[in-house]
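# Per-entry structural report
So you can see what is in the structure, the chains are spelled out below.
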Amino acid sequence: MKALYLDLRNGISGDMFLGALCDLGLSRDDFSASLSSLPLSGYELKITKVKPQNISATDFEVIIAAAAKQPARHLPDIVKIIENSSLSAEVQERAKQVFLTLAEAEAKIHGTVPEKIHFHEVGALDSLIDIIGSLVALELLGIDKINASRPRLGRGEVVCRHGTLPVPAPATLEILRGLEVKFTDEVGEKITPTGAALLKTLVAEFGGSPSGKLLATGYGAGKRKQENRPNLLRAVLLDSQSS
(Lines give C-alpha, C1' and ligand atoms only; values in the text may rest on other atoms or scores of the structure.)
Protein backbone atom coordinates (compact mmCIF):
# COMPACT_ATOMS: atom_id res chain seq x y z
CA MET A 1 0.00 0.00 0.00
CA LYS A 2 1.33 3.43 -0.93
CA ALA A 3 1.18 5.94 1.91
CA LEU A 4 2.01 9.63 1.87
CA TYR A 5 3.43 11.54 4.81
CA LEU A 6 3.13 15.34 4.81
CA ASP A 7 5.65 17.38 6.79
CA LEU A 8 3.63 20.47 7.76
CA ARG A 9 6.37 22.50 9.48
CA ASN A 10 6.00 25.18 6.78
CA GLY A 11 2.23 24.77 6.42
CA ILE A 12 0.21 23.86 3.35
CA SER A 13 -1.75 25.50 0.55
CA GLY A 14 -3.39 24.00 -2.51
CA ASP A 15 -0.54 24.92 -4.85
CA MET A 16 2.12 23.68 -2.41
CA PHE A 17 0.33 20.32 -2.17
CA LEU A 18 0.10 19.97 -5.95
CA GLY A 19 3.70 21.06 -6.34
CA ALA A 20 4.82 18.34 -3.93
CA LEU A 21 2.76 15.70 -5.76
CA CYS A 22 4.23 16.78 -9.10
CA ASP A 23 7.69 16.56 -7.54
CA LEU A 24 7.05 12.92 -6.61
CA GLY A 25 7.07 12.03 -10.31
CA LEU A 26 3.50 12.68 -11.40
CA SER A 27 3.02 12.27 -15.16
CA ARG A 28 2.21 15.75 -16.42
CA ASP A 29 0.63 14.40 -19.59
CA ASP A 30 -1.74 12.12 -17.68
CA PHE A 31 -2.49 14.90 -15.20
CA SER A 32 -3.32 17.44 -17.91
CA ALA A 33 -5.43 14.89 -19.77
CA SER A 34 -7.49 14.16 -16.67
CA LEU A 35 -8.09 17.83 -15.93
CA SER A 36 -9.13 18.46 -19.53
CA SER A 37 -12.37 16.59 -18.83
CA LEU A 38 -13.52 19.42 -16.55
CA PRO A 39 -15.89 21.90 -18.21
CA LEU A 40 -13.44 24.73 -17.53
CA SER A 41 -11.36 26.91 -19.84
CA GLY A 42 -9.29 30.06 -19.85
CA TYR A 43 -6.28 28.75 -17.94
CA GLU A 44 -2.95 27.04 -18.40
CA LEU A 45 -0.72 25.17 -15.98
CA LYS A 46 2.78 26.39 -15.19
CA ILE A 47 4.84 23.68 -13.48
CA THR A 48 8.47 24.63 -12.98
CA LYS A 49 11.49 23.49 -11.02
CA VAL A 50 12.80 26.00 -8.48
CA LYS A 51 15.61 25.93 -5.91
CA PRO A 52 14.69 27.95 -2.79
CA GLN A 53 17.77 28.02 -0.56
CA ASN A 54 19.34 25.47 -2.92
CA ILE A 55 16.70 22.74 -2.40
CA SER A 56 15.15 21.45 -5.60
CA ALA A 57 11.35 21.76 -5.55
CA THR A 58 8.37 22.12 -7.87
CA ASP A 59 6.33 25.29 -8.17
CA PHE A 60 2.75 24.80 -9.34
CA GLU A 61 0.79 27.75 -10.69
CA VAL A 62 -2.47 28.19 -12.56
CA ILE A 63 -2.20 31.04 -15.08
CA ILE A 64 -5.57 32.64 -15.80
CA ALA A 65 -6.05 34.18 -19.25
CA ALA A 66 -6.59 37.93 -19.08
CA ALA A 67 -9.78 37.68 -21.11
CA ALA A 68 -11.23 34.80 -19.10
CA LYS A 69 -14.37 35.86 -17.25
CA GLN A 70 -15.06 34.11 -13.97
CA PRO A 71 -18.73 33.75 -13.04
CA ALA A 72 -19.91 33.87 -9.46
CA ARG A 73 -19.92 30.29 -8.19
CA HIS A 74 -21.82 28.73 -5.30
CA LEU A 75 -21.56 25.19 -3.98
CA PRO A 76 -24.19 23.76 -6.40
CA ASP A 77 -22.29 25.31 -9.34
CA ILE A 78 -19.06 23.63 -8.27
CA VAL A 79 -20.80 20.30 -7.74
CA LYS A 80 -22.18 20.55 -11.29
CA ILE A 81 -18.69 21.23 -12.68
CA ILE A 82 -17.35 18.15 -10.90
CA GLU A 83 -20.22 15.89 -11.92
CA ASN A 84 -20.05 16.99 -15.57
CA SER A 85 -16.47 15.73 -15.87
CA SER A 86 -15.25 12.24 -16.70
CA LEU A 87 -13.19 11.99 -13.51
CA SER A 88 -13.50 8.79 -11.51
CA ALA A 89 -16.36 8.46 -9.02
CA GLU A 90 -13.87 8.47 -6.11
CA VAL A 91 -12.19 11.69 -7.25
CA GLN A 92 -15.57 13.34 -7.75
CA GLU A 93 -16.83 12.37 -4.29
CA ARG A 94 -13.66 13.48 -2.53
CA ALA A 95 -13.62 16.77 -4.42
CA LYS A 96 -17.22 17.47 -3.44
CA GLN A 97 -16.34 16.71 0.18
CA VAL A 98 -13.45 19.20 0.17
CA PHE A 99 -15.70 21.95 -1.20
CA LEU A 100 -18.46 21.06 1.27
CA THR A 101 -15.94 21.36 4.11
CA LEU A 102 -15.01 24.83 2.88
CA ALA A 103 -18.63 25.87 2.41
CA GLU A 104 -19.67 24.66 5.85
CA ALA A 105 -16.84 26.61 7.50
CA GLU A 106 -17.64 29.81 5.59
CA ALA A 107 -21.36 29.38 6.28
CA LYS A 108 -20.79 29.17 10.01
CA ILE A 109 -18.58 32.26 9.99
CA HIS A 110 -21.03 34.31 7.92
CA GLY A 111 -24.19 33.01 9.56
CA THR A 112 -25.78 31.36 6.54
CA VAL A 113 -26.09 27.94 4.89
CA PRO A 114 -23.43 26.22 2.73
CA GLU A 115 -25.51 26.45 -0.47
CA LYS A 116 -25.60 30.25 -0.26
CA ILE A 117 -21.86 30.74 0.18
CA HIS A 118 -20.35 32.69 -2.70
CA PHE A 119 -17.07 31.00 -3.54
CA HIS A 120 -15.37 34.21 -4.61
CA GLU A 121 -11.91 32.89 -3.77
CA VAL A 122 -12.05 29.11 -3.38
CA GLY A 123 -14.48 29.02 -6.30
CA ALA A 124 -12.04 30.89 -8.51
CA LEU A 125 -10.49 28.98 -11.38
CA ASP A 126 -7.08 28.54 -9.78
CA SER A 127 -8.57 27.18 -6.54
CA LEU A 128 -10.81 24.79 -8.44
CA ILE A 129 -7.78 23.39 -10.24
CA ASP A 130 -5.75 23.23 -6.99
CA ILE A 131 -8.39 21.17 -5.20
CA ILE A 132 -9.61 18.92 -8.00
CA GLY A 133 -6.09 18.58 -9.38
CA SER A 134 -4.78 17.40 -6.00
CA LEU A 135 -7.29 14.56 -5.95
CA VAL A 136 -6.50 13.63 -9.55
CA ALA A 137 -2.78 13.57 -8.71
CA LEU A 138 -3.30 11.33 -5.67
CA GLU A 139 -5.21 8.85 -7.81
CA LEU A 140 -2.60 8.88 -10.59
CA LEU A 141 0.18 8.28 -8.06
CA GLY A 142 -1.76 5.38 -6.53
CA ILE A 143 -1.68 6.80 -3.01
CA ASP A 144 -3.94 4.87 -0.63
CA LYS A 145 -3.43 6.71 2.67
CA ILE A 146 -2.19 10.09 3.90
CA ASN A 147 -0.66 10.88 7.30
CA ALA A 148 0.67 14.28 8.36
CA SER A 149 2.51 16.01 11.15
CA ARG A 150 0.56 18.23 13.52
CA PRO A 151 -0.66 21.42 11.77
CA ARG A 152 1.35 24.54 12.66
CA LEU A 153 -0.26 27.97 12.50
CA GLY A 154 1.32 31.40 12.05
CA ARG A 155 0.22 34.87 13.09
CA GLY A 156 -0.28 38.30 11.57
CA GLU A 157 -2.79 39.45 8.96
CA VAL A 158 -3.91 38.43 5.48
CA VAL A 159 -5.67 40.57 2.88
CA CYS A 160 -8.63 39.05 1.02
CA ARG A 161 -11.88 40.24 -0.54
CA HIS A 162 -13.46 40.53 2.91
CA GLY A 163 -10.70 42.98 3.86
CA THR A 164 -7.80 42.43 6.24
CA LEU A 165 -8.30 39.34 8.39
CA PRO A 166 -6.27 37.90 11.25
CA VAL A 167 -3.98 34.93 10.67
CA PRO A 168 -4.98 32.14 10.92
CA ALA A 169 -7.98 33.06 8.77
CA PRO A 170 -11.36 32.42 10.46
CA ALA A 171 -12.22 29.73 7.89
CA THR A 172 -8.93 27.92 8.54
CA LEU A 173 -9.60 27.76 12.27
CA GLU A 174 -13.15 26.55 11.74
CA ILE A 175 -12.04 23.81 9.36
CA LEU A 176 -9.31 22.61 11.73
CA ARG A 177 -11.68 22.55 14.71
CA GLY A 178 -11.33 19.24 16.52
CA LEU A 179 -7.72 18.69 15.45
CA GLU A 180 -4.66 19.20 17.64
CA VAL A 181 -2.73 22.18 16.31
CA LYS A 182 0.31 24.22 17.33
CA PHE A 183 0.29 28.03 17.31
CA THR A 184 3.67 29.59 16.54
CA ASP A 185 5.12 33.09 16.59
CA GLU A 186 6.02 32.87 12.90
CA VAL A 187 4.52 35.70 10.84
CA GLY A 188 2.46 34.69 7.82
CA GLU A 189 -0.37 32.43 6.74
CA LYS A 190 1.07 28.95 7.04
CA ILE A 191 -2.17 27.06 6.34
CA THR A 192 -4.72 28.47 3.91
CA PRO A 193 -8.42 27.52 4.02
CA THR A 194 -7.88 25.35 0.94
CA GLY A 195 -4.91 23.64 2.58
CA ALA A 196 -6.92 23.11 5.76
CA ALA A 197 -9.84 21.58 3.85
CA LEU A 198 -7.52 19.19 2.03
CA LEU A 199 -5.99 18.12 5.34
CA LYS A 200 -9.34 17.69 7.09
CA THR A 201 -10.78 15.64 4.23
CA LEU A 202 -7.79 13.52 3.21
CA VAL A 203 -5.51 12.91 6.21
CA ALA A 204 -6.18 9.70 8.12
CA GLU A 205 -3.88 10.45 11.07
CA PHE A 206 -1.94 13.44 12.39
CA GLY A 207 1.29 13.06 14.33
CA GLY A 208 2.99 9.80 15.04
CA SER A 209 5.96 8.27 13.26
CA PRO A 210 5.22 6.78 9.84
CA SER A 211 7.19 3.74 8.72
CA GLY A 212 7.73 1.80 5.52
CA LYS A 213 10.04 1.56 2.56
CA LEU A 214 10.87 5.08 1.37
CA LEU A 215 9.97 5.33 -2.31
CA ALA A 216 10.34 9.04 -3.08
CA THR A 217 10.37 12.54 -1.60
CA GLY A 218 8.72 15.56 -3.18
CA TYR A 219 8.92 19.26 -2.34
CA GLY A 220 6.20 21.75 -3.22
CA ALA A 221 7.21 25.42 -3.26
CA GLY A 222 5.14 28.07 -1.51
CA LYS A 223 4.83 31.63 -2.79
CA ARG A 224 5.58 33.32 0.55
CA LYS A 225 9.23 34.04 1.30
CA GLN A 226 10.74 32.96 4.64
CA GLU A 227 13.95 34.33 6.09
CA ASN A 228 15.33 31.35 7.97
CA ARG A 229 14.26 28.36 5.86
CA PRO A 230 12.78 27.55 2.47
CA ASN A 231 8.98 27.67 2.29
CA LEU A 232 8.42 24.08 1.17
CA LEU A 233 5.89 21.34 1.78
CA ARG A 234 7.69 18.01 1.99
CA ALA A 235 5.77 14.90 0.93
CA VAL A 236 7.29 11.48 1.58
CA LEU A 237 5.99 8.48 -0.36
CA LEU A 238 6.20 5.15 1.46
CA ASP A 239 5.44 1.51 0.81
CA SER A 240 3.71 0.83 4.12
CA GLN A 241 3.42 -2.92 3.45
CA SER A 242 7.14 -3.23 4.15
CA SER A 243 6.83 -1.81 7.70
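Look a little higher up for the structure.
Described in the following lines is the structure provided in the data block.

Attention now moves to the environment of asparagine 228. By secondary structure assignment, the location of asparagine 228 is in the loop between strand E9 (213-221) and strand E10 (232-239). Asparagine 228 gets classed as exposed once you look at its relative accessible area, which sits at 74%. Distance from asparagine 228 to isoleucine 55, taken between C-alpha atoms, is 14 Å for residues 173 residues apart in sequence.

Bringing helix H3 (residues 75-83) into the picture now. Inspection of H3 places Leu75, Ile78, Ile81 and Ile82 among the buried residues, and these make up the whole buried set. Here the buried residues of H3 occupy an arc of 120° about the axis, which is enough to place them on one side. Lining the buried residues of H3 we find helix H4 (89-110) and helix H5 (125-141).

Generally, phi is negative for residues other than glycine and the peptide bonds are trans, each holding for most cases. A cis amide bond, omega 0°, links valine 167 with the succeeding residue proline 168. Here proline 168 shows up in the loop between strand E6 (163-167) and helix H6 (170-175). Residue glutamine 53 is not a glycine yet carries a positive backbone phi of 50°. Structurally, glutamine 53 can be placed in the loop between strand E2 (43-50) and strand E3 (57-64). Positioned with a positive phi, asparagine 54 is a non-glycine residue whose angle comes to about 70°. With relative accessibility at 63%, the residue asparagine 54 sits in the exposed group.

Looking now at the packing of aromatic side chains. Throughout the structure, instances matching the rule amount to one aromatic pair. Aromatic side chains phenylalanine 31 and phenylalanine 60 sit 6.2 Å apart centroid to centroid with 75° between the ring planes, which places their arrangement in the edge-to-face category. Taken together, the residues phenylalanine 31 in helix H2 (residues 28-35) and phenylalanine 60 in strand E3 connect sequence positions 29 residues apart.

Within the secondary structure, aspartate 15 is located in helix H1 (residues 14-23). At 2.4 Å, the side chain of aspartate 15 and the side chain of serine 13 are in polar contact. Apart from the residues within four sequence positions on either side, aspartate 15 is in contact with Phe60, Asp130 and Lys223.

Counting residues in each nonpolar core, the largest one holds 61 residues, and the members touching the most others are Leu4, Leu6, Phe17, Phe99 and Ile132. In terms of residue count, the dominant contributor to this core is H5 (ten residues). In this structure isoleucine 132 touches Leu35, Leu38, Ile82, Leu87, Ala95 and Phe99, once residues within four positions along its chain are discounted.

Let us now look at the packing of H3 against H4. Direction vectors running N to C along H3 and H4 enclose 170°, while the axes themselves pass 10 Å from each other. On the basis of their axis angle, the class for H3 and H4 is roughly antiparallel. The way H3 lies across H4 gives a crossing that is right-handed. From H3, Leu75, Ile78, Val79, Ile82 and Glu83 reach across to H4, where they touch Gln92, Ala95, Lys96, Phe99, Leu100 and Ala103.

What the three strands build is an open sheet, ordered E6-E5-E7; its pairing is mixed. Of all the strands in the sheet, the pair left with one neighbour each is E6 and strand E7 (182-187). Between one strand and the next, the sheet's axes are offset by a mean angle of 30°, whatever the strand orientation. The pairing of strand E5 (residues 152-160) with E6 spans five bridges and is antiparallel. In the strand pairing of E6, valine 159 is matched with threonine 164.

Definitions and cut-offs
Residues numbered from 1 in each chain as written. Predicted model: local features only at pLDDT ≥ 70, side-chain atom pairs only at ≥ 80, totals over all residues. Heavy atoms only, no water. Helix = DSSP H or I, 4+ residues; strand = E, 2+ residues; numbered from the N terminus. Buried < 20%, exposed > 50% of the residue type's maximum accessible area, 1.4 Å probe, protein only. Arc of directions from axis to C-beta. Contact = heavy atoms within 4.5 Å. Phe/Tyr/Trp six-rings, centres within 6.5 Å; stacked < 30°, edge-to-face > 60°. Polar contact = N/O pair within 3.5 Å; in protein donor to acceptor, adjacent residues only side chain to side chain. Core = buried A, V, L, I, M, F, W, Y, C linked by side-chain atoms within 4.5 Å. Axes fitted to C-alpha atoms, helices over the stretch in contact; angles between N-to-C directions. Parallel < 35°, antiparallel > 145°, perpendicular 65-115°, else oblique. Left-handed = near helix turned anticlockwise from the far one by under 90°. Pairing = 2+ DSSP bridges.

Keep in mind these values describe shape, not function.
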